[in-house]
Amino acid sequence: EPEVTQTPSHQVTQMGQEVILRCVPISNHLYFYWYRQILGQKVEFLVSFYNNEISEKSEIFDDQFSVERPDGSNFTLKIRSTKLEDSAMYFCASSEGGADYNSPLHFGNGTRLTVT
Amino acid sequence: AQKITQTQPGMFVQEKEAVTLDCTYDTSDQSYGLFWYKQPSSGEMIFLIYQGSYDEQNATEGRYSLNFQKARKSANLVISASQLGDSAMYFCAMIPRYQGQFYFGTGTSLTVIP
């Protein structure tokens, strides 16, 4: 069964550094998402992406964050100047239909980001 | 504003018994989808079951069923014949039609006791 893949599985970085989290969504999916989950807490929406542009973003997704689809398969989340509070599990997800409300999100296994 | 409420932070169930995990939602949209996800201790998010707002029958997927009561805006997950491997965090989620994001509840931690 096709799956969303994320790399790396764990990233440790120093405060103030930039990190890029990588994702390969399911190939026939058109809608891509980043969510994050601080340990043991709620799954928080960051951004959705469709047709090579951001379709929706949350208040968390400020100028520190950016997303890109550099080629036909990868979808990246860049976090500039990381802060301690950015430490979380970051999930990439994709769906076939997006705004078609019967398409489930398919999640990757996540990247655990630790900022020291 | 869209909101998902899961009022049970933790639940315990005896192996082979059934358990109901509660979820209520608040939306002004008429069209929306409801989903349940399982998150084991390993951290991945696993899609379990889907219910559309216009579906008249409750969704079922194996041991999972969704008790959908539209007028009460509730979408409870029922797990029958619980197994030890069902111990995990369970999240209810909703996507209103024509919106770009899924909204998640705070989750319920289920522990299956042998």
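Residues numbered from 1 in each chain as written. Chains lettered and ligands numbered in written order. Predicted model: local features only at pLDDT ≥ 70, side-chain atom pairs only at ≥ 80, totals over all residues. Heavy atoms only, no water.

Draft legend 1. Here's a closer look at the overall build of chain A. Per the secondary structure count, chain A includes zero helices and 11 strands. If you list the helices and strands of chain A from N to C, you get β-β-β-β-β-β-β-β-β-β-β. The C-alpha radius of gyration of chain A comes to 13 Å, within 12% of the 13 Å expected for a compact globule of 116 residues. Taking the principal axes of the C-alpha coordinates as reference, chain A spans close to 40 × 30 × 30 Å. Relative to its full complement of 116 residues, chain A shows a buried share of 47%. If you take every contact in chain A between residues at least 6 apart in sequence, the share linking residues at least 24 apart comes to 54%. Of the accessible surface of chain A, which amounts to about 5,800 Å², a share of 44% is contributed by carbon and sulfur atoms. (Helix = DSSP H or I, 4+ residues; strand = E, 2+ residues; numbered from the N terminus. Rg over C-alpha atoms; globule rule 2.2 N^0.38 Å. Buried < 20%, exposed > 50% of the residue type's maximum accessible area, 1.4 Å probe, protein only. Contact = heavy atoms within 4.5 Å. Areas by Shrake-Rupley, 256 points an atom, 1.4 Å probe, with all protein chains shown as cover.)

Draft legend 2. Spatial organisation of the interface of chain A and chain B. Each side of the interface is counted separately: chain A has 19 residues, and chain B has 26 residues. At the junction of chain A with chain B, the criterion picks out zero salt bridges. Applying the counting rule to chain A against chain B returns four residue pairs in polar contact (both at pLDDT 80 or more). Of all the elements in the fold, those that place two or more residues in the side of chain A that touches chain B are β4 (31–37) and β5 (43–50) of chain A. (Salt bridge = Lys/Arg side-chain N within 4 Å of Asp/Glu carboxyl O. Polar contact = N/O pair within 3.5 Å; in protein donor to acceptor, adjacent residues only side chain to side chain.)

Draft legend 3. Looking closely at the state of the cysteines. Enumeration over the complete set of coordinates arrives at two disulfides over all chains. A sulfur-sulfur distance of 1.9 Å marks the disulfide that ties Cys 23 of chain A to Cys 92 of chain A. A torsion of -65 degrees about the S-S bond marks the disulfide between Cys 23 of chain A and Cys 92 of chain A as left-handed. Highlighted residues: Cys 23 of chain A in strand β3 (residues 19–24) and Cys 92 of chain A in strand β9 (residues 88–95), separated in sequence by 69 residues. The pair formed by Cys 23 of chain A and Cys 92 of chain A is uniform in burial state, with each residue classed as buried. Disulfide partner of Cys 23 of chain B: Cys 92 of chain B, at an S-S distance of 2.0 Å. When the S-S torsion is -65 degrees, as for the bridge of Cys 23 of chain B with Cys 92 of chain B, the disulfide is left-handed. Placement of the pair is Cys 23 of chain B in the loop between β3 (19–21) and β4 (24–26) and Cys 92 of chain B in strand β10 (residues 88–96), with a sequence separation of 69 residues. Each member of the pair, Cys 23 of chain B as well as Cys 92 of chain B, carries the same accessibility label: buried. (Disulfide = S-S within 2.5 Å.)

Draft legend 4. Layout of the packing of aromatic side chains. In total, this model carries 19 aromatic pairs over all chains according to the counting rule given. The ring centre of Tyr 64 of chain B lies 5.8 Å from the NZ or CZ of Arg 63 of chain B, which sits over that ring. (Phe/Tyr/Trp six-rings, centres within 6.5 Å; stacked < 30°, edge-to-face > 60°. Lys NZ or Arg CZ within 6 Å of the ring centre and 35° of its normal.)

Draft legend 5. Just the nonpolar core, in detail. Counting residues in each nonpolar core, the largest one holds 26 residues, and the members touching the most others are Leu 21, Tyr 25, Trp 36, Ile 49, Leu 77, Tyr 90 and Leu 110 of chain B. For this core, the secondary structure elements donating two or more residues are β2 (10–14), β3, β5 (32–39), β6 (46–52), β8 (64–69), β9 (74–79), β10 and β12 (108–113) of chain B. Examining the composition of this core, we find that four residues originate from one element, β10 of chain B, more than from any other. Counting 22 residues, the second largest nonpolar core, distinct from the first, contains Leu 21, Trp 34, Leu 46 and Phe 49 of chain A. (Core = buried A, V, L, I, M, F, W, Y, C linked by side-chain atoms within 4.5 Å.)

Draft legend 6. How the structure looks around the side chain of Gln 37 of chain A. With respect to the secondary-structure elements, Gln 37 of chain A resides in strand β4. Among the polar contacts listed, one links the side chain of Gln 37 of chain A to the side chain of Gln 39 of chain B, at a separation of 2.7 Å.

Draft legend 7. Quick look at the pattern of salt bridges. Residue and element names in this part refer to chain B. Per the counting criterion, the structure on display carries two salt bridges over all chains. The salt bridge involving Asp 86 is made with Arg 63; its shortest N-O contact spans 2.8 Å. Separated by 23 residues along the polypeptide, Asp 86 in the loop between β9 and β10 and Arg 63 in the loop between β7 (60–61) and β8 bring together distant segments of the chain.

Draft legend 8. Inspection of the side chain of Ser 48 of chain A at higher detail. Among the secondary structure elements, Ser 48 of chain A is positioned in strand β5. Excluding anything up to four places from it in sequence, Ser 48 of chain A contacts Phe 32, Tyr 33, Glu 53, Ile 54, Ser 55 and Glu 56 of chain A together with Gly 100 of chain B.

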